[in-house]
Amino acid sequence: MATNAIRGSMAAPAAVATPEIHSDTTVKWFVLGAVGYFAIVGIIALIIAAKFVWPDFLGSISYFTYGRMRPLHVNGMLFGWLLAADMGLAYYIVPRLCGVRLWSEKLGVATSVLWNIIILSAIVTLLGGYQKGIEYGDLPTPVAVLVVIAWVMFGINIFATIARRKYNQMYVSTWYLMGTILWTAFVYLTGNFATLLPGVTGVNQANLTWMYTHNAVGLIFTPAGLAIAYYFIPRASNTPLYSHKLSMIGFWSLAFVYVWTGAHHMLHGPISQWLQTIAIVFSILLLIPVWAVVYNFIATMKGQWHQLNDNVSLKFLMSGTIFYLLTCFQGPMHSLRSVNAIVSKTDWIPGHAHMAVLGTFSFMAMAGVYYVVPRIFHTTLHSEAVANWSFWLFLIGGLGMFTALWLGGFWQGWQWNNPSIPFIDTVVALKPVWMVRFFSGIMIFSGIVLFLYNIMSTALGAGQAKAELARS
Amino acid sequence: MTDYTWQSVYFSYLLFAVLAGGAVFFFIRSVKDGYLGPNSEGPKYRMLEDDPELDPPQPNGATAPRRP
């Protein structure tokens, strides 16, 4: 138990004692950048939440209008924070699982520089009102082309590292990360370029857009997040995964099932009934990979739950696992035609999306960042107490936000299904829900600020800690 | 019933077919490589160990022989 506590804690005893094997320069660039963008885009999220309660808030300044803030929030969180953090953690995980150094640190750093150019370009263009108006695909085409180039650079580096691996059989995280790279190529090209082809308009464009939007979560952030969780749950708890075979079953069932589900966002819309039915059937089948993943994680923690007391990474990971179970139960259920008739297009959907992207995959990424940063800087975490505060602020704020949006969304759907209620009355009725979301958002943003402070203090204080160690 | 969505349906289902075909190919290959066999639990123990050192560079840039 003592060993577990040391291994799982934020300290990096092994890294200090052993010679440097991995330089991790690329990991540092990606992870620190991602944490910084998390805080910047968190401010945008708070402004948007405030606008729901006070619509005139910053209303006369064009840069702060909802139409510009919302794409910046979505793209900033997806690409500036979460995907960048996932990529940084992939650069950490893959060389270690393969028993070799990263194929090219120079290429990794170049990818990071390009990624920062992309995010800064996105901030400038989206605030300036230059956007395609496609959900998750708002970035102007030249910026989207840069994303493709950066992704190819990332893919070459990761696949070249895997090709040089020391061990024949790959751990499941490596499979998930390879899947992420290949699926992203298909999904991103569809959402950002195929939707712009001549003749792809109206419902056609919506069909491709929803295939992209849903699979951006299901085939980009889900496999990347699960790769992280499959690596850090055993590492942070120093406990072997319950079943590697089950993890592979989960991986392959996700590979077969997820891609078909996007059209469930268009139920009751002007698309073919058979297309809707296929999307519903495969959405229900999603319960198979979800069960395989969640059972594996919870069974791994059997007899190890006490470690959550003093291990912030595990707190984030296991909370993320529960949110994953909830969000992946919710998804198939609201894909049913009867439920969808109530919740579609309501606040239920952003509640569901936030539980997936923030509650599940951001929690897993934050767990990885808390685990990795002390180790790559060969130091200890700046403050365990601050890390715990950040976790509880995220958890309580997140729960408040998700619950308010689910209940509010259901209520909104019931009202919309009653033609005798004027639409504006349904807007006014939701104000208390949006008030709860705003104050929950303040808690979440406070958690982001503490996370940023703790990670940056750890990174910046590493040199000082080394000097003190040398003196002693 | 007229299907107004044929363009995007054919395009997206072409992508689905490519992805599903790739998944079938690599799934069969992974089964042949023993990922669902009796020795498939090895990677979960190995991933808990830190490499004490990496293999030295091989002559002419060749990679070291793989271990099971």
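All of these numbers come straight from a predicted model, not from anything done at the bench.

Enquirer: Tell me about the packing of helix α9 (residues 244-257) of chain A against helix α11 (residues 287-300) of chain A, and please be specific about residues and values.
Expert: All names here are of chain A. Running from N to C, α9 and α11 cross one another at 155 degrees; their axes reach a closest spacing of 8 Å. Between α9 and α11, the angle falls in the class roughly antiparallel. Relative to α11, α9 is oriented so that their crossing is left-handed. Taken together, the residues of α11 that come into contact with α9 (itself represented by L246, S247, G250, S253 and L254) are I288, P289, W291, A292, Y295 and N296.

Enquirer: Tell me what's going on with α9(A), and back it up with residues and numbers.
Expert: Since the α-helix turns once every 3.6 residues, residues separated by three or four places project in the same direction. Residues and elements named next belong to chain A. Its 14 residues place the ends of α9 20 Å apart at the C-alpha level, agreeing with the 20 Å of an ideal helix rising 1.5 Å per residue. Among the 14 residues in α9, 11 count as buried, and that is most of the element. Of the positions making up α9, those classed as buried are H244, L246, S247, M248, G250, F251, W252, S253, L254, A255 and V257. Capping the start of α9, S243 holds a side-chain oxygen 3.4 Å from the backbone nitrogen of K245, two or three residues further along.

Enquirer: Summarise the confidence of the model for chain A; cite the residues concerned and give the values.
Expert: All names here are of chain A. Residues at a pLDDT of 70 or more form 94% of chain A, whose mean pLDDT is 92. Low pLDDT (under 50) marks residues 1-9, which in the prediction has 19 contacts with non-local residues, meaning those over four places away or in another chain. Counting contacts from residues 13-18, a segment whose pLDDT is below 50, to residues more than four positions away or on other chains yields six contacts.

Enquirer: Before we move on, can you summarise the side chain of B:K44 with the specific residues and values?
Expert: By the element assignment, B:K44 lies in helix α2 (residues 42-46). Among the residues examined, B:K44 registers a relative accessible area of 5% and is labelled buried. In terms of polar contacts, B:K44 uses its side chain to reach the backbone carbonyl oxygen of A:Y242, at 2.8 Å. Setting aside chain neighbours within four positions, we find B:K44 in contact with A:Y171, A:P240, A:L241, A:Y242, A:S243 and A:H244.

Enquirer: Lay out the packing of aromatic side chains in plain terms, naming residues and giving numbers.
Expert: Residue and element names in this part refer to chain A. The full count for this structure, using the stated rule, is 48 aromatic pairs over all chains. With centroids separated by 5.5 Å and ring planes inclined at 65 degrees, the aromatic side chains of W175 and W252 adopt a geometry described as edge-to-face. Here W175, found in helix α7 (residues 172-192), pairs with W252, found in helix α9; they are 77 residues apart in sequence, far enough to count as distant. As far as the burial class goes, W175 and W252 line up, both buried. With centroids separated by 6.5 Å and ring planes inclined at 45 degrees, the aromatic side chains of F410 and W414 adopt a geometry described as tilted. With F410 and W414 both in helix α15 (residues 384-416) and four residues apart, the pair spans about one turn of that helix. Since its relative accessible area comes to 52%, W414 is described here as exposed. An aromatic cluster of at least three residues, connected via ring pairs, comprises F38, W81, F316, F323, F363, Y370, F391, W392, F394, F402, W406 and F451. Positioned above the aromatic ring of F377 is the side chain of K28, whose terminal nitrogen or guanidinium carbon lies 5.0 Å from the ring centre. The ring of Y92 carries R96 above its face, with NZ or CZ at 3.6 Å from the centroid.

Enquirer: Pulling in residues and values, what's your account of the interface of chain B and chain A?
Expert: Of the residues lining the interface, 47 residues belong to chain B; the matching set on chain A comes to 56 residues. Where chain B meets chain A, there are zero salt bridges. Counting across the chain B and chain A interface gives 12 residue pairs in polar contact (both at pLDDT 80 or more). Only α1 (6-32) and α2 of chain B provide two or more residues apiece to the side of chain B that touches chain A. Of the residues forming the side of chain B that touches chain A, the biggest block, 17 residues, is contributed by α1(B). Residue classes in the side of chain B that touches chain A are distributed as 25 nonpolar, 10 polar and 12 charged.

Enquirer: Outline the pattern of salt bridges, supporting the account with residue identities and numerical values.
Expert: The final tally for this structure, using the stated rule, is three salt bridges over all chains. Between B:K44 and B:E41 there is a salt bridge, with its nearest N and O atoms 3.0 Å apart.

Enquirer: Can you break down a nonpolar patch on the surface residue by residue, with the values?
Expert: On the surface, A:I298, A:W305, A:I322 and A:L326 cluster together to form a nonpolar patch covering roughly 340 Å² of accessible area. Owing to a relative accessible area of 33%, A:I298 belongs among the partly exposed residues under this scheme.

Conventions adopted
- Residues numbered from 1 in each chain as written.
- Chains lettered and ligands numbered in written order.
- Predicted model: local features only at pLDDT ≥ 70, side-chain atom pairs only at ≥ 80, totals over all residues.
- Heavy atoms only, no water.
- Axes fitted to C-alpha atoms, helices over the stretch in contact; angles between N-to-C directions.
- Helix = DSSP H or I, 4+ residues; strand = E, 2+ residues; numbered from the N terminus.
- Parallel < 35°, antiparallel > 145°, perpendicular 65-115°, else oblique.
- Left-handed = near helix turned anticlockwise from the far one by under 90°.
- Contact = heavy atoms within 4.5 Å.
- Expected span 1.5 Å × (residues − 1).
- Buried < 20%, exposed > 50% of the residue type's maximum accessible area, 1.4 Å probe, protein only.
- Polar contact = N/O pair within 3.5 Å; in protein donor to acceptor, adjacent residues only side chain to side chain.
- pLDDT = per-residue confidence, 0-100.
- Phe/Tyr/Trp six-rings, centres within 6.5 Å; stacked < 30°, edge-to-face > 60°.
- Lys NZ or Arg CZ within 6 Å of the ring centre and 35° of its normal.
- Salt bridge = Lys/Arg side-chain N within 4 Å of Asp/Glu carboxyl O.
- Nonpolar A, V, L, I, M, F, W, Y, C, P; charged D, E, K, R; others polar.
- Patch = residues over 30% accessible without salt bridge, like charges linked within 9 Å, V, L, I, M, F, W, Y side chains within 5 Å.
- Areas by Shrake-Rupley, 256 points an atom, 1.4 Å probe, with all protein chains shown as cover.

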